[in-house]
Amino acid sequence: MLKDLPQGVKVSITRSITKAFEDYMSEIKWNESQYSSNAFIDQWKTYIRNNASWFKKIDEAMKESPEFHQELAVKINETIQKVVTEPPTEEQVAQLERLTKEQGNINVDYSCKAEARFWIRKFVN
């Protein structure tokens, strides 16, 4: 079902998952011990209902289909896996090294590009 959607809708679904996941992780300050898949899914549902144009393009029968939900669950897991395994850029690493030194050599743990972006924003803002 998911594979039969127009390419633009599939891209929008992936972007909405990424955006909602990064927003959720920012809310919990990337503290993995506080992660709750149920809380993330609730946040993602709210996000797609209020902000995602693709959600309105899918008919109600598809939204209610167990097969669609199974495929969507796979897509969510794949997208989250991609986010958390994408390494930080060399520029991000250098920027975080500089920022943590400026803050008195604070130790900051980050393992992916999105988490590095979170810490950079936190130090800059």
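Remember, predicted model here, so these are calculated numbers, not experimental data. (Residues numbered from 1 in each chain as written. Predicted model: local features only at pLDDT ≥ 70, side-chain atom pairs only at ≥ 80, totals over all residues. Heavy atoms only, no water.)

## Here we look at helix H5 (residues 66-85)
- Here H5 spans 29 Å end to end across 20 residues, near enough to the 28 Å set by a 1.5 Å rise per residue.
- By the burial criterion, the buried members of H5 are Phe68, Leu72, Ile76, Thr79, Ile80 and Val83. Around the axis of H5, the buried residues are gathered within 100° of arc, so they sit on the same side. Exposed and oriented more than 90 degrees from the buried face of H5 are Pro66, Gln70, Asn77 and Lys82.
- Buried residues along H5 sit against helix H1 (7-27), helix H2 (37-51), helix H4 (60-64) and helix H7 (113-124).
- Here H5 starts with a cap whose side-chain oxygen sits 3.2 Å from the backbone nitrogen of Glu67, and that cap is Ser65. (Helix = DSSP H or I, 4+ residues; strand = E, 2+ residues; numbered from the N terminus. Expected span 1.5 Å × (residues − 1). Buried < 20%, exposed > 50% of the residue type's maximum accessible area, 1.4 Å probe, protein only. Arc of directions from axis to C-beta. Contact = heavy atoms within 4.5 Å. Polar contact = N/O pair within 3.5 Å; in protein donor to acceptor, adjacent residues only side chain to side chain.)

## Thoughts on the side chain of Lys63
- The topology assignment puts Lys63 in helix H4.
- Judged by its relative accessible area of 15%, Lys63 is buried.
- Engagement of the side chain of Lys63 in a polar contact is seen with the backbone oxygen of Phe55, the distance being 2.9 Å.
- Contacts of Lys63, omitting those with residues within four sequence positions, involve Phe55, Lys56, Ile58, Phe68 and His69.

## Some thoughts on empty space enclosed by the protein
- Summed over all chains, the structure comprises 1 cavity of 30 Å³ or more.
- Estimates place the volume of the largest cavity at around 40 Å³.
- Along its surface, the largest cavity is lined by Glu22, Ser26, Trp30, Ala114, Arg117, Phe118 and Arg121.
- By residue number, the principal contributor to the lining of the largest cavity is H7, which donates 4 residues.
- Tallied by class, residues from the lining of the largest cavity come to 3 nonpolar, 1 polar and 3 charged. (1 Å grid on protein atoms, 1.4 Å probe; cavity = no way out; pocket = protein on both sides within 12 Å on 5 of 7 lines; lining within 4 Å. Points joined across faces, edges and corners; volume = space filled by probe spheres on them. Nonpolar A, V, L, I, M, F, W, Y, C, P; charged D, E, K, R; others polar.)

## Structural notes on the layout of surface pockets
- In this structure, the largest pocket encloses a volume near 240 Å³.
- Elements supplying a minimum of two residues to the lining of the largest pocket: H2, helix H3 (53-57) and H5.
- The residue inventory of the lining of the largest pocket, partitioned by class, reads 9 nonpolar, 1 polar and 3 charged.
- In this structure, the second largest pocket occupies an estimated 180 Å³ of space.

Coordinates in, geometry out; function isn't part of it.
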